[in-house]
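Chain by chain, the residues run as shown.
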Amino acid sequence: MATTLSPLAPASFPTLPPIAGVRIATANSGIRYKGRDDLLLAVLDPGTAVAGVLTRSLTCSAPVIWCRDSLPKGSARAVVVNAGNANAFTGKAGDATVQATVQAAASIAGCAPDEVYIASTGVIGIPLAPDAIGKCLPGMEPALAADSAAWEKAARAIMTTDTFPKGSVRTVTIGGTPVTIAGFAKGSGMIAPDMATMLGFVFTDAAIAAPALQAMLSEFNERTFNAITVDGDTSTSDTLLLFATGKAGNAPVTSADAAELAEFRAALEDLLLDLALQVVRDGEGATKFVAITVQGADSDVAAKRIALTVANSPLVKTALAGEDANWGRIVAAIGRAGERADRDLIKITVGGTLICAEGMEVPGYDETPVAAHMKGKEIDVLIELGLGQGTAKVWTCDLTHGYIDINGSYRS
């Protein structure tokens, strides 16, 4: 695990209150890491609803396949997450490990196997013994707890190259009843989400039916986790799960568009964005947090494609790392994004300073304020295409030698 704290890290892990119906324990599995917990077990009360979004990678992990098959049931009673081994591209051995893990967790929770959700993160292609995870779970049962300290332990247990644990909490009301949303995530490298991002787990005590949860999660994910990128690499393990225990006491909600969910919807999206942006702030080797906004595209889809092309450009990202106001690299990325763009309509603004318009650098352009903005930790780029109403915003980080150092020695 990386040991140097990201310069973009928040001051501290937030205080997450207990969520009624959720108990958590962590332990060391011995799979890869020594001297730290790398295994998470969460047990959920009967009646817990679940929604999820998962990677669309065609080489996805065995845990992703299991979750995809289980989600239609909409019911969850346990979650098992390990760090250090992705259990991806491990063939029939990977499936056997999943089965043994699920059976062990189901015995603890007293539930059906398809009410157990699992996720793994770490090295790809190294098979695990079938009982590598399952044998550890019975010993974790006595430690299951619903206190605030359990959240940070959980967030730390699922870290790989992360330099800090990522958590977030919101409290709102549904029909006058207070409800809480709390979650944690991991991610630092291999971040270019395609349906979800790395690993994220969100819990609420609200009573909301699984179809409504799924509709909200799928919608908000596109503007949060699916709008971030660190390095352009989509993981085999991307998993984002949302659980609702129903213990808050609100009248059950069955529609994502219900009027009484307005406050909850806003809070959930805000929490997901908070977690997603923390992932960017922990990008491997990152020193700059970058927001890229595209306006005036042919469609929102086109705007997002252009924004992500700029965000994933190694040339743009290394210019950011070098604090070089080389806006020509942004122009080049726009041109190769595969969406319509007109040279004479494009406007690029960095840090509030208009750089180019009408097909060229603006007359009298002074690079001084842009250069000063580039020296900060927070970089803002606005691209106006002047073609239509499509808009998008994505977030990324710079690309430094630190990224190479971390990934060049990852397996060692």
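So, how was this worked out
Residues numbered from 1 in each chain as written. Predicted model: local features only at pLDDT ≥ 70, side-chain atom pairs only at ≥ 80, totals over all residues. Heavy atoms only, no water. Helix = DSSP H or I, 4+ residues; strand = E, 2+ residues; numbered from the N terminus. Rg over C-alpha atoms; globule rule 2.2 N^0.38 Å. Buried < 20%, exposed > 50% of the residue type's maximum accessible area, 1.4 Å probe, protein only. Contact = heavy atoms within 4.5 Å. Polar contact = N/O pair within 3.5 Å; in protein donor to acceptor, adjacent residues only side chain to side chain. Axes fitted to C-alpha atoms, helices over the stretch in contact; angles between N-to-C directions. Parallel < 35°, antiparallel > 145°, perpendicular 65-115°, else oblique. Left-handed = near helix turned anticlockwise from the far one by under 90°. Salt bridge = Lys/Arg side-chain N within 4 Å of Asp/Glu carboxyl O. Pairing = 2+ DSSP bridges. Phe/Tyr/Trp six-rings, centres within 6.5 Å; stacked < 30°, edge-to-face > 60°. Lys NZ or Arg CZ within 6 Å of the ring centre and 35° of its normal.

Colleague: Would you mind going over the overall build of the protein with me for this structure?
Modeller: For the protein, the helix and strand inventory stands at 11 helices and 15 strands. A compact globule built from 412 residues would reach a C-alpha radius of gyration of about 22 Å, and the protein, at 22 Å, matches this within 12%. Its C-alpha atoms put the protein at 70 × 50 × 35 Å along the principal axes. Across the 412 residues in the protein, those meeting the buried criterion constitute 56%. Contacts in the protein between residues at least 24 apart in sequence constitute 81% of all its contacts with a sequence separation of at least 6.

Colleague: I would appreciate a short explanation of unusual backbone geometry in the present structure.
Modeller: Note: most residues except glycine have negative phi, and most peptide bonds are trans. Located in the positive-phi region is F89, a residue other than glycine, with phi close to 55°. Mapping F89 onto the fold places it in the loop between strand 4 (78–85) and helix 2 (91–109). Even without being a glycine, E358 presents a positive backbone phi close to 55°. Here E358 is to be found in the loop between strand 12 (353–357) and strand 13 (360–361).

Colleague: How should the side chain of S57 be read in this particular structure?
Modeller: You can see S57 is positioned in the loop between strand 3 (49–54) and helix 1 (62–70). For S57, a relative accessible area of 16% gives the class buried. Here T59 takes part through its backbone nitrogen, which lies 3.1 Å from a polar atom of the side chain of S57.

Colleague: Looking at this model, I keep getting lost on the packing of helix 1 against helix 2. Mind explaining?
Modeller: Each pair of packed helices gets described by two things: the angle between the helix axes and the distance between those axes. The interhelical angle for the contact between helix 1 and helix 2, taken along N-to-C directions, is 55°, at an axis separation of 9 Å. Comparing the axis directions of helix 1 and helix 2 gives the class oblique. Judged by the twist between their axes, the crossing of helix 1 over helix 2 is right-handed. Note on element contacts: helix 2 touches helix 1 through G94, D95, V98, Q99 and V102, opposite A62, P63 and W66.

Colleague: Looking at this model, I keep getting lost on the pattern of salt bridges. Mind explaining?
Modeller: Per the stated rule, a full pass over the model turns up 18 salt bridges. One salt bridge connects D344 with R343, and the closest N-O pair in it is separated by 2.8 Å.

Colleague: Help me out: how do you make sense of the pairing of strand 7 (residues 177–186) in this one?
Modeller: A regular strand places its side chains so that they alternate between the two faces of the sheet. Of all 10 residues in strand 7, nine are buried; the element is thus mostly enclosed. Strand direction decides the pairing type here: strand 6 (residues 166–174) and strand 7, joined by nine bridges, are antiparallel. When the sheet's bridge partners are listed, V172 is paired in strand 7 with V179. Bridge count between strand 7 and strand 8 (residues 199–204): six bridges; the pairing is antiparallel. Bridge assignment links F184 to a residue of strand 8, and that residue is F201.

Colleague: What should I look at first to understand the environment of E260 in this one?
Modeller: Relative to the helices and strands, E260 resides in the loop between strand 9 (239–244) and helix 6 (262–281). By relative accessible area, E260 is classed as partly exposed at 39%. Put simply, E260 and G176 are 84 residues apart on the chain and 8.7 Å apart in space, counted from C-alpha to C-alpha. Beyond its immediate chain neighbours, meaning those up to four positions away, E260 contacts T173, I174, G175 and V253.

Colleague: I tried to follow the sheet that holds strand 11 (residues 347–350) on my own but got confused; where do I start?
Modeller: Within a sheet, each strand pairs with its neighbour through backbone hydrogen bonds, oriented either parallel or antiparallel. Spatial strand order, 13-12-11-14-10-15: six strands in an open sheet with mixed pairing. Both outer strands of the open sheet, strand 13 and strand 15 (390–397), are each paired with one neighbouring strand and no more. Sheet topology places strand 11 next to strand 14 (residues 378–384); four bridges connect them, and they run antiparallel. Note on strand 14: the bridge partner recorded for I348 is I383. Contacts from helix 6 reach strand 10 (289–297), strand 14 and strand 15 within the one sheet, and its direction differs from that of strand 15 by about 45°.

Colleague: Please clarify how the packing of aromatic side chains should be interpreted in this entry.
Modeller: Under the counting rule described, the total for this entry stands at six aromatic pairs. Site record: aromatic cluster; members linked through ring pairs are Y117, W151, F184, F201, F203 and F243. The side chain of R36 reaches across the aromatic face of Y33, ending 4.1 Å from its centre. When the ring centre of F164 is taken as origin, the NZ or CZ atom of K166, which lies over that ring, is 4.5 Å away.

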